[in-house]
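So you can see what is in the structure, the chains are spelled out below.
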Amino acid sequence: MKKLIIIEGLDGSGKSTQVGLVEKYFEDGGVKFKKIKLPDYESPSSALVKMYLAGEFGTSAGDVNAYAAGAFYAVDRYASFRLGWQKEYESGTVILADRYATSNSIYQMEKIPKNEWDEYLEWSADFEYKKIGIPAPDLVIFLDMPVDISQRLMSSRYNGDEGRKDVHEADRAFLLKCREAALYTAKKQGWKVINCAKGDLPRDIKDIHSEIIEIIREELC
């Protein structure tokens, strides 16, 4: 049975940590799975993505429109699928993805007026899942961490060196809009949203993990 499970979240949401915990859960439970992380910065297919994030097309995330940036990432996703995990996916291996085409809705859709958001969601799904032909996800889990908390966590990760943040990570106003776009998409497309904060502090990692596993169990049953 083909299954593609996506874990999404803004930078600093604890996404990588939670993906790692799900990996361990699958390993301990004998689940046949493959983890992928996108973009694939080790592949030549991510060249345009790296140029974009490094600010070569402009120092602000908004300097590259939503459709162009979405296409940059789509090329990398297509290469990842065809060269990295297509055969395993089609043979029934569970694919666990750290980000996917769903990231378009988070990081790109905020660049356009809200009255065009539905149009962008339709374009993104049609372009990637139909025209390009990568699989549509079976389950999307969005880790909802408030931006102020995630900014503190990222600053700690970089030991206070704000210059290490890429054009997305460094733009607080951009990230606030991304969170709004993500929650809008979650409601439209049936994503599972996990609240990752308790007051002005992040929730306990184990509690979040338990909630994720409960959702995944239901999908795999």
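This is a predicted model, so every value here is computed, not measured. (Residues numbered from 1 in each chain as written. Predicted model: local features only at pLDDT ≥ 70, side-chain atom pairs only at ≥ 80, totals over all residues. Heavy atoms only, no water.)

Student: Would you mind going over the nonpolar core with me for this structure?
Tutor: For soluble globular proteins, the rule of thumb is that nonpolar side chains tend to be buried together. Counting 32 residues, the largest nonpolar core has L4, Y52, W85, Y100, I106 and Y107 as the members making the most contacts within it. Core analysis: the second largest hydrophobic core is formed by 21 residues, I5, F33, L143 and C196 among them. (Core = buried A, V, L, I, M, F, W, Y, C linked by side-chain atoms within 4.5 Å. Buried < 20%, exposed > 50% of the residue type's maximum accessible area, 1.4 Å probe, protein only.)

Student: Just to check I follow, could you spell out the packing of helix α5 (residues 117-132) against helix α7 (residues 172-189) for this structure?
Tutor: A pair of packed helices can be characterised by two numbers: the angle between their axes and the separation between those axes. Look at α5 against α7: their axes get within 12 Å of each other, and the N-to-C directions meet at 70°. Between α5 and α7, the angle falls in the class roughly perpendicular. The handedness of the crossing between α5 and α7 comes out as right-handed. Residues W117, D118 and L121 of α5 form the contact with α7, whose own contacting residues are E180, A181, Y184, T185, K188 and Q189. Residues belonging to the contact of α5 with α7 are distributed by class as follows: 4 nonpolar, 2 polar and 3 charged. (Axes fitted to C-alpha atoms, helices over the stretch in contact; angles between N-to-C directions. Helix = DSSP H or I, 4+ residues; strand = E, 2+ residues; numbered from the N terminus. Parallel < 35°, antiparallel > 145°, perpendicular 65-115°, else oblique. Left-handed = near helix turned anticlockwise from the far one by under 90°. Contact = heavy atoms within 4.5 Å. Nonpolar A, V, L, I, M, F, W, Y, C, P; charged D, E, K, R; others polar.)

Student: How should α5 be read in this particular structure?
Tutor: Think of an α-helix as 3.6 residues a turn; residues three or four steps apart then line up on the same face. For α5, built from 16 residues, the straight-helix expectation of 22 Å at 1.5 Å per residue is met to within 8% by its first-to-last C-alpha distance of 21 Å. For α5, the principal kink sits at D126 and spans about 30°. For α5, the set of buried residues is W117, Y120, L121, S124 and E128. Residues of α5 that are buried make contact with α3 (66-90), α4 (103-107) and α7. Positive phi shows up at G133, right after α5, with a value of about 95°. (Expected span 1.5 Å × (residues − 1). Bend = angle between axes of the 7 residues up to and from the residue.)

Student: Mind showing me how you'd approach the packing of aromatic side chains here?
Tutor: Aromatic ring pairs: the centre-centre distance and the angle between the two ring planes describe each pair. Inspection of every chain in the model, using the stated rule, returns 17 aromatic pairs. For the pair Y52 and Y73, a centre-to-centre distance of 6.2 Å together with 90° between the ring planes defines the contact as edge-to-face. Residue Y52 is found in helix α2 (residues 47-53), and its partner Y73 is found in helix α3; the two are separated by 21 residues along the sequence. Across this residue pair, the class does not change: Y52 and Y73 are buried. Between Y67 and W123 the ring centres are 4.7 Å apart and the planes differ by 70°, which places this aromatic pair in the edge-to-face class. Taken together, the residues Y67 in helix α3 and W123 in helix α5 connect sequence positions 56 residues apart. (Phe/Tyr/Trp six-rings, centres within 6.5 Å; stacked < 30°, edge-to-face > 60°.)

Student: Even after reading the chapter, I still don't get the pattern of salt bridges, so can you show me in this structure?
Tutor: Pairing between side chains of opposite charge can happen when the charged atoms of each approach one another. Within this structure, the stated rule accounts for 12 salt bridges. As a salt-bridge pair, K15 and D98 come within 2.5 Å of each other at their nearest N and O atoms. Note that K15 is positioned in helix α1 (residues 15-29) and D98 in strand β3 (residues 94-98), a separation of 83 residues in sequence. Each member of the pair K15 and D98 is classed as buried. Among the ionic pairs, K188 bridges to D118, the shortest N-O distance being 3.4 Å. Taken together, the positions of K188 in helix α7 and D118 in helix α5 put the pair 70 residues apart, joining distant regions of the chain. (Salt bridge = Lys/Arg side-chain N within 4 Å of Asp/Glu carboxyl O.)

Student: Would you explain the sheet that holds strand β1 (residues 3-9) in this entry?
Tutor: Paired through backbone hydrogen bonds, the strands of a sheet run either parallel or antiparallel to each other. With parallel pairing, the 5 strands of this open sheet are ordered in space as β2-β3-β1-β4-β5. Strands with a single pairing partner mark the edges of an open sheet, and in this sheet they are β2 (33-37) and β5 (192-195). Taken over all neighbouring pairs, the strand axes of this sheet differ in orientation by 20° on average, direction set aside. Strands in contact with α7 are β4 (139-144) and β5; relative to β4, the strand with the most contacts, it is inclined by about 145°. (Pairing = 2+ DSSP bridges.)

Student: When you look at the packing of α3 against α5 in this model, what are you seeing that I'm missing?
Tutor: At a minimum axis distance of 11 Å, the contact between α3 and α5 shows a crossing angle of 25°. In terms of their interaxial angle, α3 and α5 are classed as roughly parallel. The handedness of the crossing between α3 and α5 is right-handed. Mapping the contact onto sequence places A66, Y67, G70, A71, A74, R77 and Y78 in α3 and E119, Y120, W123, F127, E128 and I132 in α5. Residues of the contact of α3 with α5, tallied by class, amount to 9 nonpolar, 1 polar and 3 charged.

Keep in mind these numbers describe shape, not what the thing actually does.
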